[in-house]
Amino acid sequence: GLQQAYFLERENRDYIVLEKEKEAGSFFGKFPRSRKMSSLNRKYVYGADEIDEISYRYDSNSLLSDDYSLKFSKYTLDQYPHADVYQQYLQDYGKKHNLKVEYNSEVIAIKRQHRKWQQSSKTKNLFLVSLRSGQKYRCRVLIVATGLKLENAMQYGGAVKFTDTYETVSLDARNYFKRRVLLLGNSQYLKQEIASNSMIYSSVSDINTNTFDPANH
């Protein structure tokens, strides 16, 4: 949302970003659970300056901008930065570019309309966006950039009561002392956050559910 808003602002377009939460980057206020980013923070690229395009190709965190002071590598030298630092970076990005973001604006309905638009005498295909506050917006172009909405709660036989989701699982290694741990799903980063702390206490296995068929196991 912030990146798209930056380009619209730069081109002096009429736009608004509707954000449900009270601040930018609210996702990173809770995730990842370990509070360490999994994306590499690479400040220096051999043979290139920070402002060179190639330096952005190795930059997994910075949003594009003509203001090079807003490169994320200027916020921290940590190879895998803390999520709180990235959340602050996103908030600074929005404020320094004066992006038109309306916070605490939860969208509850989107409807298609065919009606006259502004000063034109012709009818246009429009979108009517309704907020929980009762406020409404009408536009010709609508971009939905909500990210992941609901977690995928796995149903694995009768063992549901013994499972936790990524949002609720404990990161305290003592809870896995002398226990077997099975990670369901694309568990690459989950293992980094949980299994790496508990490996000395427990036996850890994982199944990638992208290719897992319960009927055949």
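For the structure, check the block above.
Numbering of residues starts from 1 in each chain and follows the order in which that chain's sequence is written. It should be noted that, the model being predicted, local features are given only for residues of pLDDT at least 70 and side-chain atom pairs only at 80 or more, the latter also being counted only at that level, while totals for whole chains, interfaces and linings use all residues. Note that the side-chain values use all heavy atoms of the structure and ignore hydrogens as well as water.

**Comments concerning unusual backbone geometry**
Reasoning step 1: A cis geometry characterises the amide bond from phenylalanine 31 onward to proline 32, with omega recorded as -5 degrees.
Reasoning step 2: If you trace the backbone, proline 32 turns up in the loop between β1 (17–18) and α2 (53–57).
Reasoning step 3: Of note in the backbone geometry, asparagine 12 takes a positive phi value of approximately 55 degrees without being a glycine.
Reasoning step 4: Helix and strand assignments follow DSSP, with helices taken as H or I runs no shorter than four residues and strands as E runs no shorter than two, numbered in order from the N terminus. Take asparagine 12: it is sitting in the loop between α1 (2–10) and β1.
Reasoning step 5: At asparagine 104, a position not held by glycine, the phi torsion is positive, near 55 degrees.
Reasoning step 6: Judged by its relative accessible area of 60%, asparagine 104 falls in the exposed class. For the exposure calls, accessible area comes from a 1.4 Å probe over protein chains only, and a residue counts as buried if that area is under 20% of its type's maximum, exposed if over 50%, partly exposed in between.

**Considering the packing of aromatic side chains**
Reasoning step 1: Aromatic pairs are defined between Phe, Tyr and Trp rings, using the six-membered ring for Trp, whenever the two ring centres lie within 6.5 Å; interplanar angles under 30 degrees are classed as stacked, those over 60 as edge-to-face, and all others as tilted. Tallied over the full model, the rule gives 12 aromatic pairs.
Reasoning step 2: Ring geometry for tyrosine 6 against phenylalanine 7: centres 5.1 Å apart, planes inclined by 70 degrees, an arrangement best described as edge-to-face.
Reasoning step 3: With a relative accessible area of 30%, phenylalanine 7 lands in the partly exposed category.
Reasoning step 4: Between the aromatic rings of phenylalanine 28 and tyrosine 86, the centroid separation amounts to 4.9 Å while the plane-to-plane angle is 80 degrees, which identifies the pairing as edge-to-face. Here phenylalanine 28, found in the loop between β1 and α2, pairs with tyrosine 86, found in helix α3 (residues 83–96); they are 58 residues apart in sequence, far enough to count as distant. Residues phenylalanine 28 and tyrosine 86 agree in their burial class; the two are buried.
Reasoning step 5: Above the face of the tyrosine 58 ring, arginine 42 is positioned so that its terminal group lies 4.7 Å from the ring centre.
Reasoning step 6: We call a charge positioned over a ring when the NZ of a Lys or the CZ of an Arg lies within 6 Å of the ring centre and within 35 degrees of the ring normal. The cationic tip of lysine 71 hangs over the ring face of tyrosine 56; the distance from NZ or CZ to the ring centre is 4.4 Å.

**Considering the pairing of strand β4 (residues 123–131)**
Reasoning step 1: Here strand β3 (residues 107–116) pairs with β4 via nine bridges, running antiparallel. Pairing of glutamine 113 across the sheet is with leucine 126, part of β4.
Reasoning step 2: Should DSSP find at least two bridges between two strands, the strands are taken to pair. Counting the residues that bridge the hairpin from β3 to β4 gives six residues, and of these glutamine 118 lies at a positive phi of roughly 55 degrees.
Reasoning step 3: Direction of pairing for β4 relative to strand β5 (residues 136–139): antiparallel, over a ladder of four bridges.

**Describing the nonpolar core**
One recurring pattern in soluble globular proteins: nonpolar side chains tend to sit buried together.
Reasoning step 1: Put simply, a nonpolar core is a bunch of buried Ala, Val, Leu, Ile, Met, Phe, Trp, Tyr and Cys residues held in one set by side-chain atoms that sit within 4.5 Å of each other. Leu2, Tyr86, Tyr89, Leu90, Tyr93 and Leu99 are the most contacted members of the largest nonpolar core, which has 17 residues in total.
Reasoning step 2: Among the elements of the structure, α1 and α3 are those that each provide at least two residues to this core.
Reasoning step 3: The element best represented in this core is α3, accounting for five residues.

**Some thoughts on the pattern of salt bridges**
Reasoning step 1: The working definition used for a salt bridge is a side-chain nitrogen of Lys or Arg within 4 Å of a carboxyl oxygen of Asp or Glu. Taken as a whole and judged by the stated rule, the model has six salt bridges.
Reasoning step 2: The partner of glutamate 9 in a salt bridge is lysine 100, and the shortest N-O contact between them spans 2.8 Å. In this pair, glutamate 9 is assigned in helix α1 and lysine 100 in the loop between α3 and β2 (101–102), connecting sequence segments 91 residues apart.
Reasoning step 3: Take glutamate 9: its relative accessible area is 26%, and that puts it in the partly exposed class.
Reasoning step 4: On the accessibility criterion, lysine 100 (39% relative accessible area) is partly exposed.
Reasoning step 5: Measuring nitrogen to oxygen at the nearest pair gives 2.7 Å for the salt bridge that ties aspartate 84 to arginine 35. Of this pair, aspartate 84 sits in helix α3 while arginine 35 is found in the loop between β1 and α2, placing the two residues 49 residues apart along the sequence.
Reasoning step 6: Classification of aspartate 84 as partly exposed rests on a relative accessible area of 40%.
Reasoning step 7: A relative accessible area of 15% places arginine 35 in the buried class.
Reasoning step 8: When salt bridges with common partners are traced through the structure, they connect Arg10, Glu11 and Asp66 into a single cluster.

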